[in-house]
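# Results of the structural survey
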Amino acid sequence: MKKYRIHVQGMTCTGCEEHVATALESIGAINIEVNFRRNEATFELPDDVAIETAQKAINEAKYQSGDAEVIESHDAPVLGDEGDYDFLIIGSGGAAFSAAIQAVEHGAKVAIIERGTVGGTCVNVGCVPSKTLLRAGKINHLAKNNPFLGLTTSAGTVDLAELVKQKNELVTEMREQKYEHLIGEYGFELIRGEAKFVDEKTIEVGGRKLTAKRFLIATGASPSIPDIPGLKDANYLTSTSLLDLKELPKRLAVIGSGYIALELGQLFHHLGSEVTLLQRSPRLLKEYDPEISESVTKAVTEQGMNLITGVTYERFENNGDLKQIHISVNSEKKVIEAEQLLIATGRKPNTEALNLRAANVIIGSKGEIVVDDFLKTSNPRIYAAGDVTMGPQFVYVAAYEGRIAADNAVGGLEKKVNLETVPGVTFTSPAVATVGLTEEQAKAKGYEVKTSVLPLDSVPRALVNRETTGVFKLVADSKSLKVLGVHIVAENAGDVIYAATLAVKFGLTVEDLRDSLAPYLTMAEGLKLAALTFNKDVSKLSCCAG
C-alpha cells in the first residue's frame, strides 16, 4: 500500500471534491482527501493498482489529473549490509543535518563528512551573522535619523570590533545548539576531512576509503568572483571576510546588484561608511517586478547611498591604501575610490574537490549538480540537495530538500520536490519580500493577469511609523482572481510574506483576502488593502472600513 498526492485541475468547489473522491473510490483507493483550493488529492492505493489507473479515473470524471508523487510507503527502507554506511552525507549545513536526522528516523546508519566548520553557510558566515549585524546597523541609523519631531536621539562612534565579537559569540552559541549538539542527540557520526569520490560507490577521506548504500552531496556554495583585469590583486572582500572586519572603512564600494550586495552595502552605510553600489544591470533587483525595484532604489537613495547602474568594469587598481575602480557608464569613463571593496556578484557551487567524474555524476554549466525531481543525480546511488544544485539559495529550501532526499534515498519513497511557492526575503530597510509569480512570469505562463499596486503611504502602519517608502503588489489571474504572486517592500515585509505564501500555496483568491479580517495598524493589513485596490480606491476608505 502506498500513499500518493496527485495534482488535479478543474475543481472549483466542494462538489468537485466529492466527484473526484467518488472516482478514486471506484478503483479501490482509501483514506481519500481532496482539496479544490490546493488542486490536489491524496489517497492510498493497493500495490496491485497502478497510479495510472487513478489518473485515468480522475480524467473520466471530467477533471485533469497531473503529476503524482508517493508521499508515504509501507515498504521497508533501503537498508542492508552493503557498504560501511546506509547513508553518507558530504557537507554539514542545513540540507545535510535535515537529511541526517530524517535518515536516522528511518533507522539508517548515517555519517556526515565535513572539511571545515560544522554548520554550513547560514549559521557561520551567512544568515545569522549578517542579520544580527543588520539589526545593529538599523538601530544606529535610527538613532542618527529618527523621523519624529520632539524626539532627540544621537549615535556615537561605532566600535566594529566589539560588534563583531558579539556576533561571533552568537554564531558559536547557535552552531553548538543547532548543529554540533545534535550529532550526539541523533546518534550519527561526524567524519572530519575532505571527501572525494574514488568510484561510483566509494569516497576517500584523509586516506580512508568509505562505501555506502546511498550518498547525499550537500556541500553548498561560495562567493563567485568575476574575471575583471586587476581584481585578483585588489585585496577585495567577500560576504564572508567583510563580516569579520574590525575597523569601519570610510568608503566601501560594492560590486553587485543582488540581495547580498544590498544587505551588506546598507549595513555598512548604516554603521557610518560612505557606500557606493555598482552594478552592470540598469536597475536594482532586475528579476523582480519594476515597482519593487523602483521602491528599493528610492529607499537606498533617500538614505544617502550612492547607486551607479549600467556599469561596464574596465579594471581595478591599487593607489596606496585606496582601491580604484575604473568604469564606464553610458560611454563616460569614471574612477571610483574606496578603502574597501566588496565583491557580491553571486555564488558558485562547491563541487571542484569532489571528483564527480569518478562517481558518474553530471554537473551543469555553472558547476552545479544536476538532479531530477526526486533529487537524484545521474548516479542512482547519489542524491544532492541545497545550494550545490543552484536552486533557491535559502537555508529553509536546503533543509526541505535534505529531508526529501533522505526520504527517497533511505526511506524508499518517491517524493518530488515542489518549489513553486518559495518565499524570499531581502533584509534591507525597508525589507523586500516576495512569493509566487511576478507579473512578467505569470504572463509568460499564459495567464491573463490583473494586478494591484498599493503604495506604502496607503498603509496605516507605515503612516504611524513615518516610513512610507515602499509598495505592496498583488498578481492575480484575471478570470478566477486566484492570487499568483505577492511582492512587498516594507518594514517587516519578511513577517508578512508568510501569510502571502499560504494564500499562493493554497489557491486563495482576491475575494478571500478581502473577506478576511486584518488587524488594524499592522503591516499585514497591507495584504487586505492591496486586495481591496482591485476594485476600490483605498485612499477614499475610512481607516478600518474594509
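Below: a short report on this structure. Residue numbers here run from 1 along each chain, matching the order of that chain's written sequence. Two thresholds apply to this predicted model, a pLDDT of at least 70 for residue-level local features and 80 or more for giving and counting side-chain atom pairs, whereas whole-chain, interface and lining totals are computed over all residues. Remark: hydrogens and water are excluded; side-chain values derive from all non-hydrogen atoms of the structure.

## Regarding the side chain of asparagine 350
Secondary structure follows DSSP: runs of H or I at least 4 residues long count as helices, runs of E at least 2 residues long count as strands, and numbering of each begins at the N terminus. Along the chain, the position of asparagine 350 falls in the loop between strand 19 (347-349) and strand 20 (382-384). Judged by its relative accessible area of 19%, asparagine 350 is buried. Those residues within four positions of asparagine 350 in sequence are excluded, and the remaining contacts are Arg115, Thr219, Gly220, Ala221, Ser222 and Val388. Per-residue accessibility, obtained with a 1.4 Å probe over protein chains only, is compared with the maximum for each type, and a residue is labelled buried under 20%, exposed over 50%, and partly exposed between these values. Should any heavy atoms of two residues lie within 4.5 Å, those residues are considered in contact.

## Quick notes on the packing of helix 5 (residues 127-144) against helix 6 (residues 160-186)
The contact between helix 5 and helix 6 brings their axes to 9 Å, and the two run at 140 degrees. Considered as vectors, helix 5 and helix 6 are oriented oblique to each other. Handedness of the crossing formed by helix 5 with helix 6: right-handed. Contact with helix 5, carried on its side by Val128, Pro129, Thr132, Leu133 and Ala136, involves Leu163, Lys167, Leu170, Val171 and Met174 of helix 6 and no other residues of that element. Classifying every residue of the contact of helix 5 with helix 6 by side-chain character gives 8 nonpolar, 1 polar and 1 charged. Geometry is summarised by axes, namely lines fitted to C-alpha atoms with helices restricted to the contacting stretch, and by angles between N-to-C directions that run from 0 to 180 degrees. To sort the angles, those under 35 degrees are grouped as roughly parallel, those over 145 as roughly antiparallel, those from 65 to 115 as roughly perpendicular, and the leftovers as oblique. In this scheme the crossing of two helices becomes right-handed for a clockwise turn of the near helix relative to the far one and left-handed for an anticlockwise turn of less than a right angle. For this classification, the nonpolar set comprises Ala, Val, Leu, Ile, Met, Phe, Trp, Tyr, Cys and Pro, the charged set comprises Asp, Glu, Lys and Arg, and every other residue, Gly included, is treated as polar.

## Side note on helix 2 (residues 51-60)
What helix 2 keeps buried is the set Ile51, Ala54, Gln55, Ala57 and Ile58. Burial along helix 2 is one-sided: seen end-on, the buried residues are contained in an arc of 160 degrees. Along helix 2, the residues that are exposed and aim more than 90 degrees away from the buried face are Glu52, Lys56 and Glu60. Those residues of helix 2 that are buried lie in contact with strand 1 (2-9), helix 1 (14-25), strand 3 (40-45) and strand 4 (64-73). Lysine 62 occupies a position one or two residues after helix 2 and carries a positive phi of about 75 degrees. Starting at the helix axis, one direction is taken to each C-beta atom, and the arc is that of these directions.

## Describing the packing of helix 5 against helix 8 (residues 259-271)
Between two packed helices, both the angle of their axes relative to each other and the distance between the axes serve to describe the pair. Remark: helix 5 packs on helix 8, axes separated minimally by 8 Å, with the N-to-C direction vectors making an angle of 40 degrees. In terms of their interaxial angle, helix 5 and helix 8 are classed as oblique. Read as a crossing pair, helix 5 and helix 8 show a hand that is left-handed. Across the interface between the two elements, Ser130, Lys131, Leu133, Leu134, Gly137, Lys138, Asn140, His141 and Lys144 from helix 5 touch Glu263, Leu264, Leu267, His270 and Leu271 from helix 8. Its residues assigned to classes, the contact of helix 5 with helix 8 comprises 5 nonpolar, 5 polar and 4 charged.

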